[in-house]
Amino acid sequence: PLAATGDLVARAAAAHTAVAAFNVITLEHVEAVVTGAEQAGAPVVVQVSENAVKYRGGRLLPLARAARAAAEQARVPVALHLDHVQSDDLLRQAPAAGFGSVMYDASRLPYARNLAATRAAVDWAHAQGLWIEAELGRIGGKDRPDGRAGTAERTPDAHSPEARTDPDEARAFVAASGVDALAVAVGSTHAMTTRTARLDQDLVARLATAAGVPLVLHGSSGVPDRDLAEAAARGIAKVNVGTALNRAMTEAVRDFLAAHPDAVDPRRYLDGARQAMARTVEHFLRVLGVPGVP
Ligand code: G3H
Ligand code: ZN
């Protein structure tokens, strides 16, 4: 059934674990996230990013409607979240499109402007009954031209893996903005295709104390399993995963087409891709711990 992101995050935080949130691009992603969560017997968040909406020609509803239908029919709780929203126009479409939560991303702005923009977004979101996450500190890798982190064209002011959220700033930012959860820079980077990120676990614990709200880890595809579990124990309550699904999908398609160069019907390669994504979803959920299963 359809669930509320805030409830899933609160429950995970109380159990010192994290709910996993997966970014979806195609209908196959949506189906795989629900199937993987059912296989693990765990609740899950399906999230649609502003970049995914751009890929769909700026249209939010086709993917949102599919995700909503899949959530309502799922055998586990599934929440719908709008991710990395920079556009006020997109933000305002969230409630009517069926989203119960949003991540408003003004992290590209200097502190004072990030705070002012986030504060306005929080006021609006709360008036709509939406749960809202924002970002402080800059988590690297998101707007790489080729979608990959750590490449040569990195500019000095780009989000970098060295960026860190300051605990004192986090405390002030949460108090002044009223956000429900805070995305923090603690060593992960978006779009990593190897799981080699090193998290600053002491900083995670200090930020959890300072912020006083659940913390969100972005760029979790690049974080090793044991580090994800430890970060969850220290105060990360929502773990965002995108690239790991895309890797699973693309590798399955590439392997299938290499073995079957004459294949034409997309169902032949998308079925295996969808299964590979579902296995990836199940893996992340089991790493984080399924509620009720020690
Ligand atoms: O908001 C989305 C996540 O931070 C996904 O990051 O693609 O590196 O796993 P990732
Ligand atoms: Zn992210």
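What counts, and where the lines are drawn
- Residues numbered from 1 in each chain as written.
- Chains lettered and ligands numbered in written order.
- Predicted model: local features only at pLDDT ≥ 70, side-chain atom pairs only at ≥ 80, totals over all residues.
- Helix = DSSP H or I, 4+ residues; strand = E, 2+ residues; numbered from the N terminus.
- Buried ≥ 20, exposed ≤ 12 C-beta atoms within 10 Å, placed from the backbone.
- Contact = placed C-beta atoms within 7 Å.
- Expected span 1.5 Å × (residues − 1).
- Near = placed C-beta within 6 Å.
- Nonpolar A, V, L, I, M, F, W, Y, C, P; charged D, E, K, R; others polar.
- Core = buried A, V, L, I, M, F, W, Y, C linked by C-beta atoms within 7 Å.
- UniProt positions renumbered as here; feature names shortened; annotations may be inferred.
- Pairing = 2+ DSSP bridges.
- Right-handed = clockwise from strand over helix to strand, strands pointing away.
- Axes fitted to C-alpha atoms, helices over the stretch in contact; angles between N-to-C directions.
- Parallel < 35°, antiparallel > 145°, perpendicular 65-115°, else oblique.
- Left-handed = near helix turned anticlockwise from the far one by under 90°.

A.B. asks: I keep staring at the overall build of the chain and nothing clicks. Help me out?
C.D. replies: Counting secondary structure elements, the chain contains 11 helices and nine strands. Taking the principal axes of its C-alpha atoms as reference, the chain extends roughly 60 × 45 × 40 Å. In the chain, buried positions account for 51% of the 294 residues. In the chain, of all internal contacts separated by at least 6 residues, the share reaching a separation of at least 24 is 71%.

A.B. asks: Whenever I open this one, helix α11 (residues 266-288) confuses me. Can you help?
C.D. replies: Quick reminder: α-helices carry 3.6 residues per turn. Residues three or four places apart thus point the same way. Here α11 is 23 residues long and its end C-alpha atoms lie 33 Å apart, about the 33 Å a rise of 1.5 Å per residue gives. Just past α11, the residue Gly289 takes up positive phi, approximately 100 degrees.

A.B. asks: What's the story with the site of ligand 1 in this structure? I'm lost.
C.D. replies: The immediate surroundings of ligand 1 are formed by 16 residues, with His218, Ser221, Asn240, Gly242 and Thr243 found nearest. Put simply, the parts of the chain that give the shell around ligand 1 at least two residues each are β4 (78-85), β9 (236-241) and α10 (243-259). Its residues assigned to classes, the shell around ligand 1 shows four nonpolar, 11 polar and one charged.

A.B. asks: Sorry if this is basic, but what is going on with the nonpolar core here?
C.D. replies: Nonpolar side chains tend toward joint burial in soluble globular proteins. Of all hydrophobic cores here, the largest spans 99 residues; its most connected members are Ala20, Val46, Val102 and Leu182. Considering every element that reaches this core, the biggest residue donor is α11, with 10 residues.

A.B. asks: Please explain the UniProt feature "binding site: Zn(2+) 1" (unreviewed entry) in the chain as it appears in this structure.
C.D. replies: Those residues carrying the UniProt feature "binding site: Zn(2+) 1" (unreviewed entry) are His84, His190 and His218 in this numbering. Taken together, the annotated residues stretch across 135 residues yet fold into one region, lying no more than 11.9 Å apart by C-alpha. Looking at the secondary structure, you find His190 in the loop between β7 (181-184) and α8 (201-211). Looking at the element boundaries, His218 is found in the loop between β8 (215-217) and α9 (225-234). C-beta crowding within 10 Å serves as the criterion here: with 29 such atoms nearby, His218 is assigned to the buried category. If near-sequence neighbours (up to four positions away) are discounted, His218 is found in contact with Ile139, Ala183, Ser188, His190 and Asn240.

A.B. asks: Looking at this model, I keep getting lost on the pairing of strand β3 (residues 44-49). Mind explaining?
C.D. replies: For a regular strand, the rule is simple: side chains alternate between the two faces of the sheet. Of all six residues that make up β3, six are buried, and the element is covered over most of its length. Of the pairings in the sheet, the one linking strand β2 (residues 19-23) to β3 comprises three bridges and is parallel in character. In the strand pairing of β3, Asn23 is matched with Gln47. With helix α2 (residues 27-40) bridging β2 and its parallel neighbour β3, the resulting β-α-β unit is right-handed. When β3 meets β4, the two strands line up parallel, connected through six bridges. In the sheet register, Gln47 faces β4, and the bridge partner there is His81.

A.B. asks: How do you make sense of the environment of Leu130 when you look at a structure like this?
C.D. replies: As for its position among the elements, Leu130 is in the loop between α6 (111-127) and β6 (131-136). Residues within four places of Leu130 in sequence aside, it is in contact with Ala94, Pro95, Gly100, Ser101, Val102 and Ala125.

A.B. asks: What is the right way to look at the packing of helix α7 (residues 167-177) against α8 in this model?
C.D. replies: When two helices pack together, their arrangement is given by the angle between their axes and by how far apart the axes lie. The geometry of α7 relative to α8 is characterised by a closest axis approach of 8 Å and an angle of 30 degrees between their N-to-C directions. Accordingly, the angle class assigned to the pair α7 and α8 is roughly parallel. Crossing geometry of α7 relative to α8 is assigned as right-handed. Packed against α7, whose contacting residues are Pro167, Asp168, Ala170, Arg171 and Val174, the element α8 presents Arg206, Leu207, Ala210 and Ala211 at the interface.

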